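Examining the three-dimensional arrangement
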Amino acid sequence: MTTSTHAEALRAPTGTHDVMPGESERWIALLGVFASLVEKAGFGLIHTPLFEDVRLFRRGVGTETEVVGKEMYEFEDKGGRAMALRPEGTASVVRAVIQHHPTMPFKAWYATPTFRYERPQAGRYRQHHQVGVEVLGISDPDLDVEVLELAVDYLHALGLSGFTLRLNSLGDPACRPAYLDELQCYLTAHVGELCDEHAGKIDANPLRILDCKRETCRSVSAAAPSMADALCAECATHHDRVRAGLDAHGVAYLNDAALVRGLDYYTRTTFEITIPIEGSELTILGGGRYDGLVAALGGEDTPGIGFGSGIERVLLACDGQGAFAVAPSVPEVFIIDTTDGTIARDVVAKLRRAGIAADRGYGGRSMKSQMKSADRSGAKFALIVGSKEAAAGTITIRDLRGDGTQHEVDASTLVASLAALTTTPKDLHS
RNA sequence: GUGGGUAUAGCUCAGUUGGUUAGAGCGCCUGGUUGUGGUCCAGGAGGUCGCGGGUUCGAAUCCCGUUACUCACCCCA
């Protein structure tokens, strides 16, 4: 068991991490919570490739975005094709919809690794994992409310609280271009007051500046024209209906006109959920409507909406709140065989086929050391086979979690004896 | 991409103004007689002190470089 500490030792690449047994039980449980929630709402699981033609993300997410412009894992395959590891979940789903023409509405959920080449820090990875949902084919604002409620219900189902839902409308092609012009004019007039970072971004991404946290930009953006005032009648009506739905259902939110998302495809409803983690606010879920995306990627004009949520960040938040603790799985019984191991070999197989979670000791180690393994395994019972039991055709069952009582049963009735042991206490008390 | 911090045993960390065979706790292994864990006791395994170079009689300790980790900015899940 000697491991090298040399520099050349292989390790997980920067920004990636292993989810080891002991921790992975929690991942299984989280996926179970999410799956059962969204399946009840009519969503079906979709798997799409981890990598796609790089043009999908460039055209879908936008070349000007950080996510695509700077952070994408791009590579050329052996056939010379330009590919990219997915930096977000929506584009692939939309591509699949365009490719397969499912009947509308189309509702799908996913759980997938997501890749962004950036400097890792707390809650930020180069490979992280997201669960999410997408709905295509419906522009009804009541659907927006449903999707938002799913997001909130998911976090509540994990036991999280104290998070903030921010909501905004980014308008649509009827009203956003005019607003952007207006905003750019305003910003250009005040370019001298912007921070160095953003002074050069007025043309590329003016909305971004509204979200800058520096004092200089803040005072400029405070007086900037607001998208909320520039929404066309249709977008305003849509937004009002979404807010009315959330209000009617008691879903708390903050209407935040400065909320900007990092992906270009959003229209109308956009939102994100943040939560305090170790002193700072971390985004754990984000999404919105993307009514123009399908058409932009070559499909028929189809509205869409969805969200993605980072599993690592959500679990970090759970840690911070002591929420969603998941016990590691343990065997029900642990078999100890100090003879030649034949009985352990046969008993463990028999028990597992009977649906009993069973583990065992190996290598003919001493009774003491196998008992230690049994204890560590977390099993409720140790099944002991020594020379005495082997000769008599019996097995000793020892209670490891109670007072240590043990009794010898006939090997042929083991399964029944175990069943009796696990149900007897219940019968006595009821 | 920019800036700060850290790097010693599987894990969490000590290691004094540079000084001889590098330590602790936890974990792991083996024992504490005749077949029994969780407590206790004893013993044991396990470290080119991240890597490379320099200063020095002598470097885990000082200097430079490098890599990794980590935190923050940017951005985002």
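1. Looking at the domain arrangement of chain A
Size of an interface, as often reported, equals the accessible area lost when the parts are brought together. Parsing chain A into structural domains produces domain 1 (24-175 + 231-321) and domain 2 (333-429). Of note, the centres of domain 1 and domain 2, computed from C-alpha atoms alone, are 49 Å apart.

2. Quick word on the sheet that holds strand 6 (residues 127-136)
Read from one edge to the other, the open sheet built from eight strands follows the order 1-5-6-11-10-9-7-8, with strand pairing classed as mixed. Unpaired on one side and paired on the other, strand 1 (44-45) and strand 8 (254-255) mark the two borders of the sheet. Bridge count for strand 9 (residues 267-277) against strand 10 (residues 280-289) is nine bridges, and the pairing is antiparallel. If you follow Ile275 over to strand 10, its bridge partner there is Leu282. Running over the sheet, helix 11 (residues 233-248) touches strand 7 (164-169), strand 8, strand 9 and strand 10 and is turned about 160 degrees from strand 7.

3. Brief notes about the packing of helix 5 (residues 141-157) against helix 11
Remark: helix 5 packs on helix 11, axes separated minimally by 8 Å, with the N-to-C direction vectors making an angle of 45 degrees. If you check the angle between helix 5 and helix 11, you find them oblique. Crossing angle aside, the handedness with which helix 5 passes helix 11 is right-handed. Here Pro141, Asp142, Asp144, Val145 and Leu148 of helix 5 come into contact with helix 11, specifically with His238, Arg241, Val242, Gly245 and Leu246. For the contact of helix 5 with helix 11, the per-class residue count stands at five nonpolar, two polar and three charged.

4. Remarks on the pairing of strand 5 (residues 106-115)
Strand 5 sits mainly inside the fold: eight of its 10 residues count as buried. Here two bridges tie strand 1 to strand 5, and the two strands are oriented parallel to one another. Residue pairing across strands places Leu45 opposite Trp109, the latter belonging to strand 5. Pairing between strand 5 and strand 6: 10 bridges, direction antiparallel. If you follow Ala108 over to strand 6, its bridge partner there is Glu134.

5. Points about the environment of Ser92
Within the element layout of this structure, Ser92 appears in helix 4 (residues 90-100). For the pair Ser92 and Val385, spaced 293 residues apart in the sequence, the C-alpha separation amounts to 56 Å. Excluding residues within four positions of it along the chain, Ser92 makes contact with Thr48, Pro49, Glu52, Leu56, Phe57 and Arg86.

6. Here we look at a positive patch on the surface
A contiguous patch of positive charge, built from Arg365, Lys368, Lys372 and Arg376, is present on the exposed surface. You can see Lys372 is positioned in helix 15 (residues 367-377).

7. A word on the nonpolar core
Counting residues in each nonpolar core, the largest one holds 45 residues, and the members touching the most others are Leu30, Tyr154, Leu160, Ile273, Phe307 and Val314. Ranked by the residues each element gives to this core, the list is headed by helix 5, at nine residues. Core analysis: the second largest hydrophobic core is formed by 27 residues, Ala96, Phe106, Leu136 and Leu293 among them.

8. Considering helix 11
Along its 16 residues, helix 11 runs 22 Å from first to last C-alpha, staying within 8% of the 22 Å computed at 1.5 Å per residue. Every buried residue of helix 11 is listed here: Cys235, His238, His239, Val242, Gly245 and Leu246. The buried residues of helix 11 all sit within an arc of 120 degrees when viewed along its axis, so they share a single face. In helix 11, the exposed positions angled more than 90 degrees off the buried face are occupied by Ala233, Thr237, Asp247 and Ala248.

9. With respect to the sheet that holds strand 16 (residues 406-410)
Read across the sheet, five strands follow the order 13-12-14-15-16 without closing on themselves; strand pairing throughout is mixed. A single partner strand is all that each edge strand has here, and the edge strands are strand 13 (358-360) and strand 16. Pairs of neighbouring strands in the sheet enclose a mean axial angle of 25 degrees, with direction left out of account. Alignment of strand 14 (residues 381-385) against strand 15 (residues 394-399), held across four bridges, turns out to be antiparallel. If you follow Ala382 over to strand 15, its bridge partner there is Arg398. Taken strand by strand, helix 15 contacts strand 12 (333-337), strand 14 and strand 15, and its axis lies near 170 degrees from that of strand 12.

10. Concerning the pattern of salt bridges
The full count for this structure, using the stated rule, is 16 salt bridges. Between Arg166 and Asp256 there is a salt bridge; the shortest N-O distance is 3.4 Å. Of this pair, Arg166 sits in strand 7 while Asp256 is found in the loop between strand 8 and strand 9, placing the two residues 90 residues apart along the sequence. Residues Arg289 and Asp291 are paired through a salt bridge, measuring 2.9 Å at the closest nitrogen-oxygen approach.

11. Re the state of the cysteines
Using the criterion set out here, one finds zero disulfides in the structure. With no disulfide of its own, Cys175 lies 3.6 Å from the sulfur of Cys232, the closest cysteine sulfur. Its relative accessible area of 4% is what places Cys175 among the buried residues. Cys232 provides the cysteine sulfur closest to Cys235, a residue in no disulfide bond, and the two sulfurs are 3.6 Å apart.

Rules used throughout
- Residues numbered from 1 in each chain as written.
- Chains lettered and ligands numbered in written order.
- Predicted model: local features only at pLDDT ≥ 70, side-chain atom pairs only at ≥ 80, totals over all residues.
- Heavy atoms only, no water.
- Domains from an automatic or database assignment.
- Pairing = 2+ DSSP bridges.
- Helix = DSSP H or I, 4+ residues; strand = E, 2+ residues; numbered from the N terminus.
- Contact = heavy atoms within 4.5 Å.
- Axes fitted to C-alpha atoms, helices over the stretch in contact; angles between N-to-C directions.
- Parallel < 35°, antiparallel > 145°, perpendicular 65-115°, else oblique.
- Left-handed = near helix turned anticlockwise from the far one by under 90°.
- Nonpolar A, V, L, I, M, F, W, Y, C, P; charged D, E, K, R; others polar.
- Buried < 20%, exposed > 50% of the residue type's maximum accessible area, 1.4 Å probe, protein only.
- Patch = residues over 30% accessible without salt bridge, like charges linked within 9 Å, V, L, I, M, F, W, Y side chains within 5 Å.
- Areas by Shrake-Rupley, 256 points an atom, 1.4 Å probe, with all protein chains shown as cover.
- Salt bridge = Lys/Arg side-chain N within 4 Å of Asp/Glu carboxyl O.
- Lys, Arg positive; Asp, Glu negative; His and termini not counted.
- Charge placed at Lys NZ, Arg CZ, Asp CG, Glu CD.
- Core = buried A, V, L, I, M, F, W, Y, C linked by side-chain atoms within 4.5 Å.
- Expected span 1.5 Å × (residues − 1).
- Arc of directions from axis to C-beta.
- Disulfide = S-S within 2.5 Å.

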